[in-house]
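# Topology and contacts: notes
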Amino acid sequence: EKPLSPFISIAWQQLEESRRPSKERTAVERPSLAAMYSASLPPPPPRRDFISVTLSPSSGGIEAAAGVGGYNNSKAWRRRSCLRKWKQLSRLQRSVILFVFAFLAVCGVITYTNMTEPWKSLTSRTPEEQKMDLEVPGLNPANQAVLPIPKKADPNLGDYSDFSLQKPPKELPARRGPPNLQLRPPRRNTRLKSQEDAAKAEEEPHQAVQEHKTEKSIISWRGVVIEPDQITESPSNKINELDKPSPVESEDQKEPVPLNERQMAVIEAFHHAWKGYKEFAWGHDELKPISKSFSEWFGLGLTLIDALDTMWILGLKEEFAEARKWVATELNFDKNVDVNLFESAIRILGGLLSTYHLSGDSLFLEKAKDIGSRLMPAFNTPSKIPFSDVNIGRGTAHPPRWTSDSTVAEVTSIQLEFRELSRLTGEEKFQNAVDGVMQHIHTLPGKNDGLVPMFINTNSGQFTHLGVYTLGARADSYYEYLLKQWIQGGKKENELLEDYVKGIEGVKMHLLRKSQPRRLTFVGELAHGRFSAKMDHLVCFLPGALALGAHNGLPSDHLDLAMELAETCHQMYTQVETGLSPEIVHFNMHAQKDRKDVEIKVSCLVSSLMEKLHELCQFSIGCLSF
């Protein structure tokens, strides 16, 4: 109501009173104007000179807190306050907060899983256990009477006591296979032969001194004597004495041997493939035979460079001359293009170096040095683990766009080419870069009895994706190149031999199984303690590597295992209807009726087995079965 309403009501009552009869007016009590006005107004608030506080016992529940009507600092009240504030936030604010917490939780889980095993391996190992890890199992001489342990070890061998220096016996045990695999130059004519005999007579006293010195470098290995070869020395010591290969003159060549039917089939197959490449993809990376076009990976003529040494070996002089002309006039590495370090090293650098060794043409060595120098920025990392991609025009390098990891196989399978480039050019930077990678990986934790994970981080230099071990893709050539580097370096780098033998022992312990019903020996995979009967076709490199190791003095059981695995790889072809092995094979480990040993789930042709079977044929007597 408005403030004047009491006065209007009083006036209205007086008017009504005046209209009533007099008798009625006398009977009705007439209140005064002041009394009526005071009755219509609300009573004034009482005056308080004090504050009243009521304290009542609370049970801590929601009802007790609500009965007080104010904040009492209880857990229930604080919970209600946080919930009220949370509800006051907008939906976008709440979504952002929940996303941040979820992201932090995922990062924490990933960090914990990646760092737990390295921390445990670093903190839970006693000094005695760490010292035992430096010893390769089974390296003690089997016959102490024949190969006594010397009192003093060669300082070049460091702390590896099992690689003890032994004096060789007078007669070495016979080994199967040819004594050495090496490219021998054609026989000289009789006029040159007399000159060589005179030179040999002058070198005999010097060779006797050298033989006396090399007696101290013999390594005993399970009763087998391994003689270090004087092959690769430091480039600074070797460059002045380097004998570069020279083209073989026609007068020094032997009479050509007639080609058999199988050799002619190989040459015809190469002719067929080369004709299509020359017609539709000349100078480009790859031929697309169905569409009769080409595709570019790096734009550097990968197929042409990779086929140079093959044409020389097959004796295709006309095709080789055409390809050499393209290399001399068209091949240019000064391009703003990203290339893969591993693929460029094995295809371009390796192809040029092998062609130089076969032909002696310095053009190929110059090109090899050019591409090798342009690949060096990949090693500019804080961990010595190279980046996977290099821009050979700008001189920059970076990891893949989707991760900062490199595969272990890639960073450990470029050593042969870079080491040989150092030997030929005398520039130590190439060998130092790749040797640093191997030395770093040699000391890393995270291995499982010599088996290594598939990925390694270029920033931290640590293994990632721990717990997964395979000899297939992303890890295969690590083990193969350990052995080949050891042989390339004259059998003197014992860390490489140690890692190789440990890896083979780890394969026997964790990955080797028998299939059913034919009990084929195969190499599976291990993922976080669980075995998988899956074998990549890439694992078929192992028979050749084992045979090569046995040929160079490693235990004879390596050759036995090589024969078994070669038979398995052979069956991967014969048990398939098409006669072509798939890229991935799953083996049956439980006998079942009407089922073969081999099961196919993914099919993709891989042809690297032929090379390994050829190696095995050179070192054994079982090549006729393959």
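Residues numbered from 1 in each chain as written. Predicted model: local features only at pLDDT ≥ 70, side-chain atom pairs only at ≥ 80, totals over all residues. Heavy atoms only, no water.

### Observations regarding the nonpolar core
For soluble globular proteins, nonpolar side chains are generally found buried alongside one another. Within the largest apolar cluster, 99 residues are counted, with the highest numbers of intra-cluster contacts made by Leu308, Met311, Leu352, Phe418, Ile441, Leu471 and Tyr500. No other element matches the eight residues that helix α14 (residues 341–359) contributes to this core. Each residue touching Leu308, except ones within four places of it in the same chain, is listed here: Phe320, Ala323, Arg324, Val327, Leu352, Thr355 and Phe364. (Core = buried A, V, L, I, M, F, W, Y, C linked by side-chain atoms within 4.5 Å. Buried < 20%, exposed > 50% of the residue type's maximum accessible area, 1.4 Å probe, protein only. Helix = DSSP H or I, 4+ residues; strand = E, 2+ residues; numbered from the N terminus. Contact = heavy atoms within 4.5 Å.)

### Structural notes on the sheet that holds strand β6 (residues 338–340)
Strand order in the open sheet made by the three strands is β6-β7-β8, with antiparallel pairing throughout. Taken across any chain shown, the strands that pair with only one partner, and hence form the sheet edges, are β6 and β8 (396–398). When the angles between neighbouring strand axes are averaged without regard to direction, this sheet yields 30 degrees. Bridge analysis of strand β7 (residues 389–391) against β8 gives three bridges, and the strand direction is antiparallel. Among the inter-strand pairings, Val390 is bridged to a residue of β8, identified as Ala397. (Pairing = 2+ DSSP bridges. Axes fitted to C-alpha atoms, helices over the stretch in contact; angles between N-to-C directions.)

### Structural notes on helix α21 (residues 542–551)
Counting buried positions along α21 gives ten out of ten residues, so the element sits mostly inside the fold. Considered for burial, the residues of α21 that qualify are Leu542, Pro543, Gly544, Ala545, Leu546, Ala547, Leu548, Gly549, Ala550 and His551. Following α21 by one or two positions, Gly553 has its phi on the positive side, about 105 degrees.

### Remarks on empty space enclosed by the protein
Counted under the stated rule, the structure contains one cavity of 30 Å³ or more. Each pocket or cavity is described by its volume, and for the largest cavity that value is around 50 Å³. Lining the largest cavity, in full, are Asn340, Leu341, Phe342, Pro386, Phe387, Ser388, Ser406, Glu410 and Val411. Looking at the lining of the largest cavity, the elements that each hand over two or more residues are α14 and α16 (408–411). Grouping the amino acids of the lining of the largest cavity by side-chain chemistry returns five nonpolar, three polar and one charged. (1 Å grid on protein atoms, 1.4 Å probe; cavity = no way out; pocket = protein on both sides within 12 Å on 5 of 7 lines; lining within 4 Å. Points joined across faces, edges and corners; volume = space filled by probe spheres on them. Nonpolar A, V, L, I, M, F, W, Y, C, P; charged D, E, K, R; others polar.)

### Notes on the state of the cysteines
Per the stated rule, a full pass over the model turns up one disulfide. The disulfide partner of Cys540 is Cys569, and the gap between their sulfur atoms is 2.1 Å. When the S-S torsion is -110 degrees, as for the bridge of Cys540 with Cys569, the disulfide is left-handed. With Cys540 in the loop between β17 (534–536) and α21 and Cys569 in helix α22 (residues 557–574), this residue pair connects regions lying 29 residues apart in the sequence. With respect to class, Cys540 is no different from Cys569; both count as buried. (Disulfide = S-S within 2.5 Å.)

### Here we look at the sheet that holds strand β10 (residues 455–457)
The strand order across the open sheet built from three strands is β9-β10-β11, with neighbouring strands paired in antiparallel fashion. In this open sheet, the two edge strands, each paired with only one partner strand, are β9 (405–407) and β11 (463–464). Here two bridges tie β10 to β11, and the two strands are oriented antiparallel to one another. Across the sheet, Ile456 pairs through a bridge with Phe463, a residue of β11.

### Considerations on the environment of Gly503
Relative to the helices and strands, Gly503 resides in helix α20 (residues 494–511). Using a relative accessible area of 0% as the deciding quantity, one classes Gly503 as buried. In sequence terms Gly503 and Leu451 are 52 residues apart; their C-alpha atoms lie 5.3 Å from each other. With residues up to four places along the chain from it excluded, the contact list for Gly503 reads Gly450, Leu451 and Tyr479.

### So, the packing of aromatic side chains
With the rule as written, the count across this model stands at 13 aromatic pairs. Seen in terms of ring centroids, Phe522 and Phe587 are 4.5 Å apart; in terms of plane orientation they differ by 15 degrees. Their pairing is stacked. Remark: Phe587 occurs in strand β18 (residues 584–587) and Phe522 occurs in strand β14 (residues 521–523); sequence separation between them is 65 residues. By relative accessible area, Phe587 is classed as buried at 5%. Each member of the aromatic cluster is reached from another via a ring pair, and the members are Phe270, Trp274, Tyr277 and Trp282. In this arrangement the basic side chain of Arg513 is found over the ring face of Phe531, its NZ or CZ atom lying 4.1 Å from the centre. (Phe/Tyr/Trp six-rings, centres within 6.5 Å; stacked < 30°, edge-to-face > 60°. Lys NZ or Arg CZ within 6 Å of the ring centre and 35° of its normal.)

### Quick notes on the confidence of the model for the protein
In the predicted model, the protein carries a mean pLDDT of 76, and 61% of its residues have values of at least 70. Here residues 58–69 scores under 50 on pLDDT; set against residues more than four positions off or in separate chains, the count is ten contacts. (pLDDT = per-residue confidence, 0-100.)

### Description of the packing of α14 against helix α15 (residues 362–375)
At their nearest, the axes of α14 and α15 sit 8 Å apart, and the two run at 160 degrees to each other. With respect to α15, the axis of α14 lies roughly antiparallel. Here the hand of the crossing between α14 and α15 comes out left-handed. Within the contact between the two elements, α14 uses Leu341, Ser344, Ala345, Ile348, Leu349, Leu352, Leu353, Thr355, Tyr356 and Ser359 and α15 uses Ser362, Phe364, Leu365, Lys367, Ala368, Ile371 and Leu375. Looking at the contact of α14 with α15, its residues break down into twelve nonpolar, four polar and one charged. (Parallel < 35°, antiparallel > 145°, perpendicular 65-115°, else oblique. Left-handed = near helix turned anticlockwise from the far one by under 90°.)

### Section: a nonpolar patch on the surface
Together, Leu92, Val96, Phe99, Val100, Phe103 and Leu104 make up a nonpolar patch on the protein surface, roughly 640 Å² of accessible area in all. Owing to a relative accessible area of 45%, Val96 belongs among the partly exposed residues under this scheme. (Patch = residues over 30% accessible without salt bridge, like charges linked within 9 Å, V, L, I, M, F, W, Y side chains within 5 Å. Areas by Shrake-Rupley, 256 points an atom, 1.4 Å probe, with all protein chains shown as cover. Salt bridge = Lys/Arg side-chain N within 4 Å of Asp/Glu carboxyl O.)

### Focus: the environment of Ser413
By the element assignment, Ser413 lies in the loop between α16 and α17 (415–425). Residue Ser413 is classed as buried on the basis of its relative accessible area of 0%. Linking Ser413 and Ile346, residues 67 residues apart in sequence, is a C-alpha distance of 8.2 Å. Apart from the residues lying within four places of it in its own chain, the contact partners of Ser413 are Phe342, Ile346, Ser477, Tyr478 and Tyr481.

### Comments concerning the pattern of salt bridges
Counted by the stated rule, this structure contains 20 salt bridges. Across the pair Arg419 and Asp435 runs a salt bridge whose closest N-O atoms are separated by 3.2 Å. With Arg419 in helix α17 and Asp435 in helix α18 (residues 429–442), this pair connects stretches of sequence that are 16 residues apart. Asp435 shares its class with Arg419; the two are buried.

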